[in-house]
Amino acid sequence: MGDKLRVNPDWMSHLPDELLDVSLWNLAIPGSHDSMSFCLDLSSPVVKSESWLLKVVDRLAPCWTRPCVFRWATTEQAVLSHQCDLGIRFLDLRIARKSTECIKLFFAHGIYTWITVKQEALEELATWLDAHPKEIVIICCSHFSSLTLSDHIQLVDYIVSLFGPKLCSSQDCPTLRSCWSKHQQIIVSYGNQEMVQHHPELWTEIPYWYADSTDPKKVIAYLEAQKRKGRPTGFYICGLNLTENIPFVFLHPFQNMRKITTKALAVLLGWVGEQRPGPEVGNINIICCDFVGVSDFCDCVIGLNYKGR
């Protein structure tokens, strides 16, 4: 199914003129959840920030624990550049240090990835941005399992050095036209307030609404309840991702995250089709989903920008 999907590598540059001066947080933007989970390492131990019970089980029976975590923690299947080609413009990057002996930083979701943060993932994104000068990507760096202050300083310095003038300042109210005029292409949300306070290039962590459930109807009910309370100022995310717990995993030994997500997509994408972007109560901004390459999720979200135009 994913092989037949239409790609949207330059969809922002094709939006109508009346949307070019709209704040980016009032557009509909497709995003991927746990964007780097396509490269989880089966030989990796469980992440240090996981529960003590899971870490104990991993020490006793890694041959069972790690494949199980892999099945449920894998939420994407394509590299960042291909996700961007599909139309994804929000990337959820959960960063971790494996051990005090290892100086490289990796990504993590239950277990660690085999791809590193700096020389592989972020450089791939920088190359993609060079090839698509009118596209703006939002990245959310978060979780930071076992990172030290020194790690944060080095990571932020690397981000600023790598993206340089492409970084959109958190003091701005970015629109497509304003970003194009300044040749800015990337917004970095960073989940460490101390670093944000010292770097105007970094944005505070973006609110992410998600329901702690494997039931798509409960996910939708939760998002609707949140929307009725009023939308946050600036960027915010509605997460369509399903969330399992340990009892669910034990009761469904032949399932995995892809299977339950695929089964739920009809309901979830039906809800997406009913949404509208904008500043009013009930309007959406960023919508994130798992396995963005197995459905027309990106087309659905991008299409919301044309509603009522």
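Everything in this summary refers to the structure shown in the same document. (Residues numbered from 1 in each chain as written. Predicted model: local features only at pLDDT ≥ 70, side-chain atom pairs only at ≥ 80, totals over all residues. Heavy atoms only, no water.)

What follows deals with the pairing of strand 3 (residues 105-109). Most of strand 3 is tucked away: 5 of the 5 residues are buried. Neither face of strand 3 is left uncovered, since the one carrying Leu-105, Phe-107 and His-109 and the one carrying Phe-106 and Ala-108 both have all their residues buried. The pairing of strand 2 (residues 90-97) with strand 3 spans 3 bridges and is classified as antiparallel. Within strand 3, the residue paired with Ala-96 across the bridge is Phe-106. Two strands pair when backbone bridges link them, and strand 3 and strand 4 (residues 111-116) are joined in this way by 3 bridges, in the antiparallel orientation. Pairing of Ala-108 across the sheet is with Tyr-112, part of strand 4. Counting the residues that bridge the hairpin from strand 3 to strand 4 gives 1 residue, and of these Gly-110 lies at a positive phi of roughly 85°. (Buried < 20%, exposed > 50% of the residue type's maximum accessible area, 1.4 Å probe, protein only. Helix = DSSP H or I, 4+ residues; strand = E, 2+ residues; numbered from the N terminus. Pairing = 2+ DSSP bridges.)

Turning our attention to the layout of surface pockets. In this structure, the largest pocket spans a volume of roughly 1100 Å³. Taken together, 44 residues line the largest pocket, and the ones lying closest to its centre are Glu-50, His-109, Gly-110, Thr-243 and Glu-244. For the lining of the largest pocket, the secondary-structure elements that each account for two or more residues are helix 1 (52-60), helix 2 (62-73), strand 2, strand 3, strand 5 (137-145) and helix 9 (246-251). Per-element tally for the lining of the largest pocket: the top contributor is helix 2, with 6 residues. Grouping the amino acids of the lining of the largest pocket by side-chain chemistry returns 23 nonpolar, 13 polar and 8 charged. (1 Å grid on protein atoms, 1.4 Å probe; cavity = no way out; pocket = protein on both sides within 12 Å on 5 of 7 lines; lining within 4 Å. Points joined across faces, edges and corners; volume = space filled by probe spheres on them. Nonpolar A, V, L, I, M, F, W, Y, C, P; charged D, E, K, R; others polar.)

A separate point is the nonpolar core. Judged by nonpolar contacts, the single largest core of 70 residues is most densely connected at Ile-139 and Phe-297. Among the elements that take part in this core, helix 10 (residues 257-272) stands out by supplying 8 residues, more than any other. Listed in part, the 26 residues of the second largest apolar core include Leu-15, Leu-24, Leu-176 and Ile-302. (Core = buried A, V, L, I, M, F, W, Y, C linked by side-chain atoms within 4.5 Å.)

Structurally, the position occupied by His-143 is in strand 5. In this structure His-143 comes out as exposed when scored by relative accessible area, which is 54%. When residues no more than four places from it in sequence are discounted, the contact partners of His-143 are Arg-94 and Ile-95. Among the polar contacts listed, one links the side chain of His-143 to the side chain of Arg-94, at a separation of 3.3 Å. (Contact = heavy atoms within 4.5 Å. Polar contact = N/O pair within 3.5 Å; in protein donor to acceptor, adjacent residues only side chain to side chain.)

Let's shift gears to the side chain of Glu-135. Assignment of secondary structure puts Glu-135 in the loop between helix 4 (117-131) and strand 5. Of note is the side chain of Glu-135, whose polar atom sits 3.2 Å from the backbone nitrogen of Met-12. Setting aside anything within four residues of it in sequence, one finds Glu-135 in contact with Pro-9, Asp-10, Trp-11, Met-12, Ser-13, Arg-89, Trp-128, Leu-129 and Gln-185.

Applying the stated criterion across every chain, the model contains 8 aromatic pairs. Between Trp-72 and Phe-248 the ring centres are 5.8 Å apart and the planes differ by 85°, which places this aromatic pair in the edge-to-face class. Taken together, the positions of Trp-72 in helix 2 and Phe-248 in helix 9 put the pair 176 residues apart, joining distant regions of the chain. Classification of Trp-72 as buried rests on a relative accessible area of 3%. Residue classification places Phe-248 among the buried residues on the basis of a relative accessible area of 18%. Each ring, one from Tyr-208 and one from Tyr-210, has its centre 6.0 Å from the other, and the planes form 80°; the classification is edge-to-face. A relative accessible area of 21% means that Tyr-208 is categorised as partly exposed. The structure contains a cluster of three or more aromatic residues connected by ring pairs, namely Trp-25, Trp-203 and Phe-235. Positioned over the ring face of Trp-180 is Lys-134, at 4.5 Å from the centre of the ring. (Phe/Tyr/Trp six-rings, centres within 6.5 Å; stacked < 30°, edge-to-face > 60°. Lys NZ or Arg CZ within 6 Å of the ring centre and 35° of its normal.)

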